[in-house]
Amino acid sequence: MTQQRGAGDRAPLSRQRILRAAVALADETGAEAFSMRRLAQELGVVPMALYKHVAGKDELLDGMVDVVVGDIAPPEPGAPWKRAVRQQILAARDVLLRHRWAASVIESRPGPTPAVLAHLDSVIGTFRDGGLSADLTHHAMHALGTRLLGFSPELFATGGAAPPPGEAGEAAAKAAAAAYPRVAEIAAAAAHDAGSTVGGGCDDLFEFTFALDLLLDGVERLHGQGWSSSRTPEGRTRP
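What you see is a predicted model; the values in this text were computed from it and never measured.

What counts as what
- Residues numbered from 1 in each chain as written.
- Predicted model: local features only at pLDDT ≥ 70, side-chain atom pairs only at ≥ 80, totals over all residues.
- Heavy atoms only, no water.
- Helix = DSSP H or I, 4+ residues; strand = E, 2+ residues; numbered from the N terminus.
- Buried < 20%, exposed > 50% of the residue type's maximum accessible area, 1.4 Å probe, protein only.
- Contact = heavy atoms within 4.5 Å.
- Areas by Shrake-Rupley, 256 points an atom, 1.4 Å probe, with all protein chains shown as cover.
- Phe/Tyr/Trp six-rings, centres within 6.5 Å; stacked < 30°, edge-to-face > 60°.
- Lys NZ or Arg CZ within 6 Å of the ring centre and 35° of its normal.
- pLDDT = per-residue confidence, 0-100.

1. Things to note about the overall build of the protein
Stage number 1. Secondary structure summary: the protein contains 11 helices and zero strands in total.
Stage number 2. When the helices and strands of the protein are placed in sequence order, the string is α-α-α-α-α-α-α-α-α-α-α.
Stage number 3. Looking at the protein as a whole, 33% of its 239 residues are labelled buried.
Stage number 4. The long-range share in the protein, meaning contacts at least 24 apart out of those at least 6 apart in sequence, stands at 67%.
Stage number 5. Accessible area for the protein stands at about 14,100 Å²; split by element, carbon and sulfur atoms hold 57% of it.

2. Considerations on the packing of aromatic side chains
For any pair of aromatic rings, the description consists of the separation of the ring centres together with the inter-plane angle of the planes.
Stage number 1. Applying the stated criterion across every chain, the model contains two aromatic pairs.
Stage number 2. Taken together, a centroid distance of 5.6 Å and an interplanar angle of 45 degrees make the contact between Trp 81 and Phe 127 tilted. With a gap of 46 residues between them, Trp 81 in helix H5 (residues 81–98) and Phe 127 in helix H7 (residues 114–129) connect regions that are remote in the sequence. Just as Trp 81 is buried, Phe 127 falls in that class too.
Stage number 3. Summarising the aromatic geometry, the rings of Phe 206 and Phe 210 are spaced 6.0 Å apart at their centres and angled 15 degrees between planes, so their arrangement reads as stacked. Here the residue Phe 206 and the residue Phe 210 both occupy positions in helix H11 (residues 204–224), the gap between them amounting to four residues, near one helical turn.
Stage number 4. The side chain of Arg 93 reaches across the aromatic face of Phe 208, ending 5.2 Å from its centre.
Stage number 5. The lysine or arginine in question, Arg 147, covers the ring of Phe 208, its NZ or CZ lying 5.9 Å from the ring centre.

3. Some points on the confidence of the model for the protein
Low pLDDT marks regions whose predicted coordinates should not be analysed in detail.
Stage number 1. In the predicted model, the protein carries a mean pLDDT of 84, and 79% of its residues have values of at least 70.
Stage number 2. In the predicted structure, residues 1–9 sits below a pLDDT of 50 and forms 11 contacts with residues beyond four places in sequence or in another chain.
Stage number 3. Here residues 196–200 scores under 50 on pLDDT; set against residues more than four positions off or in separate chains, the count is 13 contacts.

Encoded structure:
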């Protein structure tokens with residue numbers, strides 16, 4: 001934690017200074033321990049001074065999201081649409097890995113903030129400028145979901161609580177493998193990462209990009225087929 005500034009050397013308080021300090025504090029403490037009072041202490045001001053620049057914690061959280069999402073790097077100019085979308089999404093992932101509290105805060109907001117809307121608008125523009133129809137782009141955005149912002153809540157975790165150490169742990173692992181052999185089979189089939197956040201110790205980056213590439217390859221295939229949601233797989237117009 002940085003030292004509080006004294007009254008003589010305190011930088012002028014501004015909305016941007018408050019937001020940047022709030023992001024830094026959340027990086028250190030996590031979203032759960034974050035509070036307006038704690039932020040005021042960090043800035044060396046009384047809590048009421050913050051309310052001259054932000055209406056309350058909800059507005060502060062929205063601003064923090066905008067600071068984080070605003071740092072997402074744009075794709076390389078002139079890149080083909082699939083590569084550009086991939087770059088945008090992986091750039092979002094890089095930013096959220098630096099601010100691990102941000103995913104839960106983004107999901108907690110009642111609606112998208114201006115920076116989130118700008119990022120989504122940019123990704124949509126990449127699809128549309130690449131020649132994809134508005135129809136296909138709409139469904140692609142739904143399929144990508146929160147991956148557009150660099151994270152993906154999993155439907156289930158492949159691991160769960162770690163077994164106890166020693167013989168008791170080995171016995172528990174063997175019993176679980178016997179009861180759920182298919183789960184055990186796939187859990188042992190790939191490289192693992194001790195710092196995983198996906199679950200089961202899986203390699204997070206591999207799992208994220210694997211699913212992302214499957215989705216983008218599928219969108220590319222549908223685009224090449226002239227796909228439309230108004231038609232059935234047999235080519236007939238839907239009722």
